[in-house]
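Residues per chain are reported as follows:
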Amino acid sequence: MRSHEIDYTIKGHDIQLVEIELDPNETVIAEAGAMLYMKEGIDFETKMGDGSEPDKGLFGKLLSAASRKITGESIFITHFTHRGVGKSHVAFAAPYPGTIVPLDLEELGGSVIVQRDAFLCAALGTKISMHFNRKLGSGFFGGEGFILQKLQGDGKAFIHAGGTLIEHELNGETLRVDTGCVVGYQEGVNFDIQQSGGLKSMLFGGEGLFLATLSGRGKVWLQSMPIRKLVSQLSPGGPNASKESSGGILDSLLE
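Residues numbered from 1 in each chain as written. Predicted model: local features only at pLDDT ≥ 70, side-chain atom pairs only at ≥ 80, totals over all residues. Heavy atoms only, no water.

Caption draft 1: Representation of the overall build of the chain within the structure. A count of helical and extended segments in the chain gives five helices and 17 strands. Counting every position in the chain, which comprises 255 residues, the buried fraction comes to 44%. If you take every contact in the chain between residues at least 6 apart in sequence, the share linking residues at least 24 apart comes to 78%. Only carbon and sulfur atoms are counted for the fraction: they give 55% of the accessible area of the chain, which is about 13300 Å². (Helix = DSSP H or I, 4+ residues; strand = E, 2+ residues; numbered from the N terminus. Buried < 20%, exposed > 50% of the residue type's maximum accessible area, 1.4 Å probe, protein only. Contact = heavy atoms within 4.5 Å. Areas by Shrake-Rupley, 256 points an atom, 1.4 Å probe, with all protein chains shown as cover.)

In structure tokens form, the structure reads like this:
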């Protein structure tokens, strides 16, 4: 099934949204709860599947739903279709501050592997499936975990990166990255985990026990602020808690 051809505009800077322009009978699929607004003529329907295989039976749909459950995502995907005349628009926003990344899957070889919560929306015809990282070390310590998502198709897909997006083109070299900062990569890239250094560096270096290694050839997408870091910084027991407490004591002494 060829993907629908959709046009789009990405709006905003630190907290972005993507507005999709649909012609009559064009459809975009999205994670449940990602829709920000939709204009006249747009109908939506929640389905147990991405619609890339319309002839799939009930058993196949249940397997797809189960696989999405394993990845931590909702078992349902919402389909937004333009049922009116002319053009209409529907917009999607990510759940936390960051950058929306447009991917042309046809130009990227037909598939991209992304972390579990990176997918935002895509043209109808895009297949969303589980991708198992075959290396157990990557699974246990890789931040994204053993189970990732694979996006396949020949149309547009949109993923979300926390904070600022960094794109690298690997040409046979190796890139070492904080484990939670990997958003996605092409299938020609090898993803693995290695120790961050000697025992002293691992315990006191502040970079964690392990680093992700990306090697081979292809594009990789990184994020400067993964959600786990954001939650850690904002939590009452996070690294900033002591700073806030110290500031409060100092302020009271100066009053």
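There's more to say after this.
Caption draft 2: View of the packing of aromatic side chains. One pass over the full model with this rule turns up four aromatic pairs. Between the aromatic rings of Tyr8 and Phe158, the centroid separation amounts to 5.0 Å while the plane-to-plane angle is 75 degrees, which identifies the pairing as edge-to-face. On the criterion of sequence distance, the pair formed by Tyr8 in strand S1 (residues 7–11) and Phe158 in strand S13 (residues 156–162) is long-range, its members being 150 residues apart. Each ring, one from Phe80 and one from Phe92, has its centre 5.3 Å from the other, and the planes form 75 degrees; the classification is edge-to-face. Taken as a pair, Phe80 in strand S6 (residues 77–82) and Phe92 in strand S7 (residues 88–93) lie far apart in primary sequence, twelve residues in all. (Phe/Tyr/Trp six-rings, centres within 6.5 Å; stacked < 30°, edge-to-face > 60°.)

Caption draft 3: Focus on the sheet that holds S13. Ordered by their spatial adjacency, six strands build an open sheet running S5-S6-S3-S10-S13-S8, and the pairing between neighbours is antiparallel. Strand pairing shows two members of the sheet lacking a second neighbour, strand S5 (42–47) and strand S8 (98–104), which therefore form its edges. On average, each strand axis in the sheet is tilted by 20 degrees relative to the strand beside it, whichever way the strands run. Direction of pairing for strand S3 (residues 27–31) relative to strand S10 (residues 119–123): antiparallel, over a ladder of three bridges. Paired with Val28 across the strands is Ala123, a residue of S10. (Pairing = 2+ DSSP bridges. Axes fitted to C-alpha atoms, helices over the stretch in contact; angles between N-to-C directions.)

Caption draft 4: Representation of the sheet that holds S7 within the structure. Strand order in the open sheet formed by four strands is S1-S2-S7-S4, with antiparallel pairing between adjacent strands. In the strand order of this sheet, the two ends are held by S1 and strand S4 (35–38), each with one partner. Across the sheet, the mean angle from the axis of one strand to that of its neighbour is 20 degrees, orientation sign disregarded. Alignment of S4 against S7, held across three bridges, turns out to be antiparallel. In the strand pairing of S7, Met35 is matched with Phe92.

Caption draft 5: Just the side chain of Ser88, in detail. Locating Ser88 in the fold gives a position in strand S7. Given a relative accessible area of 2%, Ser88 falls into the buried group. Of note is the side chain of Ser88, whose polar atom sits 2.7 Å from the backbone oxygen of Glu40. Setting aside its immediate chain neighbours within four residues, Ser88 contacts Ile20, Glu21, Leu22, Lys39, Glu40, Ile42 and His82. (Polar contact = N/O pair within 3.5 Å; in protein donor to acceptor, adjacent residues only side chain to side chain.)

Caption draft 6: Here's a closer look at the nonpolar core. Formed by 19 residues in total, the largest nonpolar core has its most connected members in Ile29, Leu103, Val112, Leu151, Ile159 and Trp221. Those elements that place two or more of their residues in this core are S8, strand S9 (111–114), S10 and S13. The contact partners of Leu103, leaving out residues within four places of it in the chain, are Leu108, Val112, Gly155, Lys156, Ala157, Ile159 and Trp221. Within the second largest apolar cluster, 16 residues are counted, among which are Ala34, Phe80, Phe92 and Phe158. (Core = buried A, V, L, I, M, F, W, Y, C linked by side-chain atoms within 4.5 Å.)

Caption draft 7: Molecular detail of the pattern of salt bridges. Taken as a whole and judged by the stated rule, the model has seven salt bridges. Between Glu21 and Lys87 there is a salt bridge, and its shortest N-O distance comes to 3.7 Å. One end of the pair, Glu21, is in strand S2 (residues 17–22); the other, Lys87, is in the loop between S6 and S7, and 66 residues separate them in sequence. Among the residues examined, Lys87 registers a relative accessible area of 48% and is labelled partly exposed. The salt bridge involving Asp104 is made with Lys156; its shortest N-O contact spans 3.7 Å. (Salt bridge = Lys/Arg side-chain N within 4 Å of Asp/Glu carboxyl O.)

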